[in-house]
Amino acid sequence: MKAAVFHKPGDISVDTVDDPRILHPGDVILKVTSTAICGSDLHILSGGVPQTTDLIMGHEFMGIVEEVGSGVTKLKRGDRVVVPFPIACGSCFFCTHGASPHCENSNYEHYGPEGNLTDKKGGALYGYTDLYGGYSGGQAEYVRVPYADISPRVVPDNLTDEQALFLTDIFPTGWSAIDWAQLKGGEVVAIFGSGPVGLMAQKAAWLNGASRVIAIDVVDYRLEKAKAVNNVETLNPNNVDVVEAIRQKTGGRGADVCVDAVGFEPDRSFMDRVKSAVNFEVGSMKVLDMCFEAVRRAGTVSIVGVYGSPYDNFPLFRMFDKGITVKQGQAPVLNYIDHLIELVRDGKVVLDDIISHTLPLTEAAKGYEIFQKKQDDCTKVVLKPGL
Ligand code: NAD
Ligand code: ZN
């Protein structure tokens, strides 16, 4: 089959690779119909999240069940499903405590039993490096889905692939960022980063009762997109003092919630980021600093942007003094997916309006390039193996 394969930083190509096989009774093989490139994939492409061997990329995918393992009871051949990006067994401590991205059994296949005993080996994700289980991803014609009775959800017939695809990751991720802040209604929510995750967090903020949603990005076309699809206010740190502007918009108090939907910057090398972190230069920490400054006292900072390096000078004093609640991590998609499918099915939210490019899978490398370099007003790339 054809698949988008990571070889080394800067090098992802579409190769012919072996078809996946059922390895365990709980597996299904999915024929992928649509898959997307995520900002998280850019961290692998840039080398920020390290991978030393070839890897089939992709954790945002959906498709048709092609082959069913003997132990699978809930899915049958021909079912059309979306697959949440964390691989979850459904029965371990973390899966039964609402923390499926930390599933203890998902790494078992890769590391063996001893892998379960060490905190260093947390949960596994599709196509997200050996650090996260070494599983092949879904930017491919076919993908193996383990624990198939647990995470995949059958897509309502009235939804197109494009309407459903972002239930795999970015809509639940944007939703988590807002859910973690437990809005009561009427809040001001400032969302840093207006890429796909930021755009989804903006939608989630409105759906959860925010009265004002402010999008912040350094790229103007992404702010234009946010205005067009989500009717938000926008700020570009290149033009204004964002912290000051947010304070002015909130009577000096600050935003109730700040979301970091940027993470470490995809276009900087790992060593640059480490240096910047250690020396506390303006760099990857800038967004977090802005979040801690722009949030009101006793407010919440939600960090869904991915961070992959340590750093000193974390603004602990400001966080303590202001009594800030911080929540972060991989989104616990399973906690939300059934509710979010209903919102999409019932037309309460539109997700496909963020797609800027739909390409055949064979053009994945081009998709990565335009998404990474922000060319051609790219906001989200969907790849179709069937095109
Ligand atoms: P993206 O790279 O397209 O979006 C990031 C946006 O941040 C871009 O529009 C960029 O212009 C903007 N940006 C960069 N520097 C900025 C700055 N200083 N101030 C304001 N904006 C700035 O990627 P995405 O797909 O939207 O993903 C965003 C982040 O979310 C990534 O770090 C990704 O890894 C992470 N992510 C996390 C989860 C999770 O479960 N926590 C899931 C998906 C993605
Ligand atoms: Zn993703």
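Every chain is numbered on its own, with residues counted from 1 as its sequence reads. Written order decides the labels, with chains lettered from A and ligands numbered from 1. Residues qualify for local features only when their pLDDT is at least 70, as the model is predicted, and side-chain atom pairs are given and counted only at 80 or more; totals for whole chains, interfaces and linings, by contrast, use all residues.

## Points about the packing of helix H5 (residues 196-207) against helix H6 (residues 220-230)
1) Next: Lines fitted to C-alpha atoms define the axes, with helix axes restricted to the stretch in contact, and inter-axis angles between N-to-C directions lie between 0 and 180 degrees. Put simply, DSSP H or I for four residues or longer makes a helix, DSSP E for two residues or longer makes a strand, and each gets a number counted from the N terminus. Here H5 crosses H6 at 30°, and the two axes come no closer than 11 Å. The angle between H5 and H6 falls in the class roughly parallel. Crossing angle aside, the handedness with which H5 passes H6 is right-handed. Where H5 abuts H6, its residues Leu199, Gln202 and Lys203 lie against Ala226, Val229 and Asn230.
2) Next: Note on residue categories: nonpolar means Ala, Val, Leu, Ile, Met, Phe, Trp, Tyr, Cys or Pro, charged means Asp, Glu, Lys or Arg, and polar means any other residue, Gly included. When its residues are assigned to classes, the contact of H5 with H6 shows three nonpolar, two polar and one charged. By the definition adopted for this analysis, an angle is roughly parallel if under 35 degrees, roughly antiparallel if over 145, roughly perpendicular if from 65 to 115, and oblique otherwise. A clockwise turn of the near helix away from the far one marks a right-handed crossing, whereas an anticlockwise turn of less than a right angle marks a left-handed crossing. A pair of residues counts as a contact when their C-beta atoms, built from backbone coordinates, are within 7 Å of each other.

## Remarks on the pairing of strand E12 (residues 212-216)
1) Next: Using C-beta atoms placed from the backbone, we call a residue buried if 20 or more other C-beta atoms fall within 10 Å of its own, exposed if 12 or fewer do, and partly exposed for counts in between. With four of five residues buried, E12 is to be regarded as a mostly interior element.
2) Next: Strands qualify as paired when DSSP identifies two bridges or more between them. Of the pairings in the sheet, the one linking strand E11 (residues 188-192) to E12 comprises five bridges and is parallel in character. Across the sheet, the residue bridging to alanine 190 is isoleucine 214, located in E12.
3) Next: Handedness of a crossover is defined as follows: with both strands directed away from the viewer, a clockwise route from the first strand across the helix to the second makes it right-handed. The handedness of the E11 to E12 crossover, carried by H5, is right-handed.
4) Next: Bridge analysis of E12 against strand E13 (residues 233-235) gives three bridges, and the strand direction is parallel. Along E13, the bridge assignment pairs isoleucine 216 with leucine 235.
5) Next: Between the parallel pair E12 and E13, the chain is carried across by H6, and the sense of this crossover is right-handed.

## Details of the environment of glutamate 363
1) Next: Structurally, glutamate 363 is set in the loop between strand E17 (357-360) and helix H12 (364-373).
2) Next: Put simply, glutamate 363 and proline 385 are 22 residues apart on the chain and 9.7 Å apart in space, counted from C-alpha to C-alpha.

## Quick look at the site of ligand 1
1) Next: Here is the check we use: build the C-beta atom from the backbone, and if it is within 6 Å of the molecule or strand, call the residue near. Near ligand 1 there are 33 residues, and of these Gly39, Ser40, Gly193, Gly195 and Gly263 occur at the shortest range.
2) Next: Of all the secondary structure elements, the ones that give two or more residues to the shell around ligand 1 are helix H1 (39-46), helix H4 (170-179), H5 and helix H9 (286-294).
3) Next: Of the residues assigned to the shell around ligand 1, the class counts are 17 nonpolar, eleven polar and five charged.
4) Next: Mapped onto the domain boundaries, the shell around ligand 1 takes at least three residues apiece from domain 1 (2-168 + 331-384) and domain 2 (170-328). An automatic or database domain assignment is the source of the domain bounds shown.

## What to know about the packing of H4 against H5
1) Next: The interhelical angle for the contact between H4 and H5, taken along N-to-C directions, is 55°, at an axis separation of 7 Å. The angle between H4 and H5 falls in the class oblique. By crossing handedness, the relation of H4 to H5 is classed as right-handed. In contact with Ile170, Phe171, Thr173, Gly174, Trp175, Ala177 and Ile178 of H4, H5 contributes Pro196, Val197, Met200, Ala201, Lys203, Ala204 and Ala205.

## Things to note about the domain arrangement of the protein
1) Next: Here the domain parsing of the protein yields domain 1 (2-168 + 331-384) and domain 2 (170-328).
2) Next: Across the contact, 28 residues belong to domain 1 and 27 residues belong to domain 2.
3) Next: Contributions of two or more residues to the side of domain 1 that touches domain 2 are made by H1 and helix H11 (337-345).
4) Next: Here the side of domain 1 that touches domain 2 gets five residues from one element, more than from any other, and that element is H1.

## Structural notes on the sheet that holds E12
1) Next: With parallel pairing, six strands are arranged side by side in an open sheet as E13-E12-E11-E14-E15-E16. The open sheet has two edge strands with one neighbour each: E13 and strand E16 (325-328). The mean inter-strand angle of the sheet, taken between neighbouring strand axes irrespective of direction, is 20°.
2) Next: Sheet contacts for H9: E11, strand E14 (255-260) and strand E15 (295-303); angle to E14, the most-contacted strand, approximately 170°.

## Quick look at the pairing of strand E2 (residues 11-16)
1) Next: Of the strand pairs in this sheet, strand E1 (residues 2-8) and E2 are connected by six bridges, and their pairing is antiparallel. Bridge pairing in E2 places valine 5 opposite serine 13.

## Considerations on H9
1) Next: For H9, the set of buried residues is Val287, Leu288, Met290, Cys291, Phe292 and Ala294.
2) Next: Structurally, H9 contributes buried residues whose contacts are with E11, helix H7 (242-249), E14, E15 and helix H10 (316-322).

## Some details on the sheet that holds E2
1) Next: Overall, antiparallel pairing links the three strands, which are arranged E2-E1-E4 in an open sheet. Since the sheet does not close on itself, it has two edges, and those belong to E2 and strand E4 (55-56), each with one partner.
2) Next: In terms of strand pairing, E1 meets E4 through two bridges, oriented antiparallel. Residue pairing for E4: phenylalanine 6 is matched across the bridge by leucine 55.
3) Next: Across the face of the sheet, H12 comes into contact with E1 and E2 while running at roughly 160° to E2.

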